[in-house]
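These are the residues of each chain, in order.
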Amino acid sequence: DGGITQSPKYLFRKEGQNVTLSCEQNLNHDAMYWYRQDPGQGLRLIYYSQIVNDFQKGDIAEGYSVSREKKESFPLTVTSAQKNPTAFYLCASSPGQGKDTPLHFGNGTRLTVT
Amino acid sequence: QQQVKQSPQSLIVQKGGISIINCAYENTAFDYFPWYQQFPGKGPALLIAIRPDVSEKKEGRFTISFNKSAKQFSLHIMDSQPGDSATYFCAAKTGGYNKLIFGAGTRLAVHP
């Protein structure tokens, strides 16, 4: 079955530690995205990538970093510079620069930092 | 101007009733308006979408109504079922790239 796999489902870290969230897709999609979801705030775009070895900042990129070395993979690192890292993180993909192509989401990683 | 304002924040409907969720936007360059449905612990999934050149789109029990002059669009769920209980997000997009601006979400509970 084609889809997006995010791992792990739950992640716990101590404050001050960097942590990397995994996102893998086998949909052969060109574009990949990271969103952050907080209660009552909808989904906010962190980073997106249209093609391998290229990525752009979204609306809330501070304290995060990404890489896109392979088409299938778009890992997100939450650094110690992120002031409020506890959230639900969603990875998504889409076929590319089509006008109305839907986003396909993974099932998320819930990160708790204490 | 890039915001999409969604209301209500939460909604309780009896089984068989109509659920209505509203969204408003300011940016007239938005040209694609999808609705996503999210169940607890899952990622959102596309439910239905509309472009501004039509005023209504229906898929089964789900209908989007679009009012371009008022810059508003809404989701109607007819004959609401307990299985429709989920969080619903409206969104909007402009330009050739798939960067969506999401509303804050509406948590719908359909009681039997």
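Coordinates for the structure precede this section.
Thresholds, definitions, all that
Residues numbered from 1 in each chain as written. Chains lettered and ligands numbered in written order. Predicted model: local features only at pLDDT ≥ 70, side-chain atom pairs only at ≥ 80, totals over all residues. Heavy atoms only, no water. Buried < 20%, exposed > 50% of the residue type's maximum accessible area, 1.4 Å probe, protein only. Helix = DSSP H or I, 4+ residues; strand = E, 2+ residues; numbered from the N terminus. Pairing = 2+ DSSP bridges. 1 Å grid on protein atoms, 1.4 Å probe; cavity = no way out; pocket = protein on both sides within 12 Å on 5 of 7 lines; lining within 4 Å. Points joined across faces, edges and corners; volume = space filled by probe spheres on them. Nonpolar A, V, L, I, M, F, W, Y, C, P; charged D, E, K, R; others polar. Contact = heavy atoms within 4.5 Å. Salt bridge = Lys/Arg side-chain N within 4 Å of Asp/Glu carboxyl O. Polar contact = N/O pair within 3.5 Å; in protein donor to acceptor, adjacent residues only side chain to side chain. Disulfide = S-S within 2.5 Å.

Chemist: I'm lost on the pairing of strand E11 (residues 106-111) of chain B in this one. Help?
Modeler: The side chains of a regular strand alternate, residue by residue, between the two faces of the sheet. Residue and element names in this part refer to chain B. Residue alternation in E11 divides its side chains into a buried set, Thr106, Leu108 and Val110, and an unburied set, Arg107, Ala109 and His111. When strand E2 (residues 10-14) meets E11, the two strands line up parallel, connected through five bridges. Paired with valine 13 across the strands is valine 110, a residue of E11. Pairing between strand E9 (residues 86-93) and E11: three bridges, direction antiparallel. Within the sheet, the bridge partner assigned to alanine 86 lies in E11 and is leucine 108.

Chemist: Please clarify how the layout of surface pockets should be interpreted in this entry.
Modeler: Space left empty within the atom packing is revealed by a probe, the size of a water molecule, rolled over the atoms. Its volume calculated, the largest pocket comes out at about 560 Å³. The wall of the largest pocket is formed by 28 residues, among which Gln37 and Pro39 of chain A together with Gln38, Thr87 and Arg107 of chain B lie closest to the centre. Mapped by element, the contributors of at least two residues to the lining of the largest pocket are strand E9 (87-94) and strand E11 (109-113) of chain A together with E9 and E11 of chain B. The residue makeup of the lining of the largest pocket, split by class, is 10 nonpolar, 14 polar and four charged. The wall of the second largest pocket is formed by 21 residues, among which Asp59 of chain A together with Gln2, Gln3, Ile101 and Phe102 of chain B lie closest to the centre. Of all the secondary structure elements, the ones that give two or more residues to the lining of the second largest pocket are strand E5 (43-51) of chain A together with strand E1 (4-7), E9 and strand E10 (100-102) of chain B. Partitioning the lining of the second largest pocket into residue classes produces 11 nonpolar, five polar and five charged.

Chemist: Is there a simple way to explain the interface of chain A and chain B in this structure?
Modeler: Every contact between the two is made by 28 residues of chain A and, on the other side, 23 residues of chain B. Put simply, chain A and chain B have zero salt bridges between them. Our enumeration of links across chain A and chain B arrives at six residue pairs in polar contact (both at pLDDT 80 or more). Of all the elements in the fold, those that place two or more residues in the side of chain A that touches chain B are strand E4 (31-37), E5 and E9 of chain A.

Chemist: Is there a simple way to think about the side chain of threonine 109 of chain A in this case?
Modeler: Residue and element names in this part refer to chain A. You can see threonine 109 is positioned in strand E11. At a separation of 2.6 Å, a polar atom in the side chain of threonine 109 contacts the main-chain carbonyl oxygen of proline 8. Aside from chain neighbours lying at most four places away, what touches threonine 109 is Gln6, Ser7, Pro8, Lys9, Leu11, Leu21, Ala87, Phe88 and Tyr89.

Chemist: Please clarify how the state of the cysteines should be interpreted in this entry.
Modeler: Every disulfide links exactly two cysteines, by a covalent bond between their sulfur atoms. Summed over all chains, the structure comprises two disulfides over all chains. Between cysteine 23 of chain A and cysteine 91 of chain A runs a disulfide, and the two sulfur atoms are separated by 1.9 Å. Between cysteine 23 of chain A and cysteine 91 of chain A the disulfide shows an S-S torsion of about -75 degrees. By sign, it is left-handed. Highlighted residues: cysteine 23 of chain A in strand E3 (residues 19-25) and cysteine 91 of chain A in strand E9, separated in sequence by 68 residues. Across the pair, cysteine 91 of chain A and cysteine 23 of chain A agree in class, each one buried. The partner cysteine of cysteine 23 of chain B in its disulfide is cysteine 90 of chain B, sulfur to sulfur 1.9 Å. Between cysteine 23 of chain B and cysteine 90 of chain B, the disulfide has an S-S torsion of -95 degrees and is therefore left-handed. Here the residue cysteine 23 of chain B occupies a position in strand E3 (residues 19-25), and cysteine 90 of chain B occupies one in strand E9, the gap between them amounting to 67 residues.

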